[in-house]
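# Architecture at a glance
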Amino acid sequence: KDFKKVSFTEAAEQVGVELMSLSRDEGDRESVELATPSPAGQKVRIVGREFEATFYPVMRQNYKLKSGSSFVLYTFRFPRALTTADFLNDVAFAKPPRGTMPRFGSLPVPDRIEIRGNPGLYFDDAKQRTVYWFELGAGYSVTTDASKDELFRVLDDLL
């Protein structure tokens, strides 16, 4: 509900990182949307420890692939927090303390795989697939109802 339709140019200015998009050979972009955190500075609690974090705008591009499947590409700057990536990864994949919600909710722990030559995460619930990776100084996430084979073929087409 926080996403609002904007022009590609406006989203690019707000997000402030290298953007990717699909070629017209793979699909048609239906919309560009932007969500801006308010306030940008927030306190987050991770395994009983509190951190100051700065969150940045997130761009969402909605595509319809030539196959008819949906393809949603999110682009964002990684939040800045006074902690380390190693700590966050350890917490994300560790067994949660009793009585707390696992990091990935009720979803199974994702597969750690290579995406576009970078370490990434792959979620598959049989209805849709989601991938996450970090590339060109930005975080990217794609969610689609396309098959796994089509997803990875289309990912290679991102420009």
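Because the structure is a prediction, the values reported are computed rather than measured. (Residues numbered from 1 in each chain as written. Predicted model: local features only at pLDDT ≥ 70, side-chain atom pairs only at ≥ 80, totals over all residues. Heavy atoms only, no water.)

## A word on the overall build of the protein
Looking only at helices and strands, the protein has 3 helices and 11 strands in total. Element order for the protein, N to C, with α for helix and β for strand: β-α-β-β-β-β-β-β-α-β-β-β-β-α. In the protein, which comprises 159 residues, the proportion classed as buried is 40%. Sequence-distant contacts, at least 24 apart, represent 56% of the contacts inside the protein between residues at least 6 apart. Surface summary for the protein: the accessible area is close to 9,800 Å², and the carbon and sulfur share equals 50%. (Helix = DSSP H or I, 4+ residues; strand = E, 2+ residues; numbered from the N terminus. Buried < 20%, exposed > 50% of the residue type's maximum accessible area, 1.4 Å probe, protein only. Contact = heavy atoms within 4.5 Å. Areas by Shrake-Rupley, 256 points an atom, 1.4 Å probe, with all protein chains shown as cover.)

## Things to note about helix α3 (residues 148-155)
All of the buried residues along α3 are E150, L151, V154 and L155. Axial view of α3: buried residues confined to an arc of 135°, hence all on one face. Here the buried face of α3 lies against β5 (58-65), β6 (70-76), β8 (111-115), β9 (118-124), β10 (129-135) and β11 (138-144). (Arc of directions from axis to C-beta.)

## Overview of the confidence of the model for the protein
Taken residue by residue, the protein gives an average pLDDT of 87. The fraction at 70 or more is 84%. Averaged pLDDT values for the elements of the protein fall to 63 in helix α2 (residues 85-93) and rise to 98 in β5. (pLDDT = per-residue confidence, 0-100.)

## Some points on the pairing of β5
The buried count for β5 comes to 6 of 8 residues, which makes it a mostly enclosed element. Between β5 and the antiparallel strand that follows it, β6, lie 4 residues; G68 among them carries a positive phi value of about 100°. (Pairing = 2+ DSSP bridges.)

## Quick look at the packing of aromatic side chains
A full pass over the atoms with the stated rule returns 6 aromatic pairs. Taking the centre distance of 5.8 Å and the plane angle of 50° together, the rings of Y122 and F152 count as tilted. Taken together, the residues Y122 in strand β9 and F152 in helix α3 connect sequence positions 30 residues apart. Ring centres of W133 and Y140 lie 5.5 Å apart, and the angle between their planes is 25°; this geometry places the pair in the stacked category. Look at W133 and you get buried, because its relative accessible area is 0%. For Y140, a relative accessible area of 0% gives the class buried. Its guanidinium or amino end placed over the ring of F3, R60 lies 3.9 Å from that ring's centre, counting from NZ or CZ. (Phe/Tyr/Trp six-rings, centres within 6.5 Å; stacked < 30°, edge-to-face > 60°. Lys NZ or Arg CZ within 6 Å of the ring centre and 35° of its normal.)

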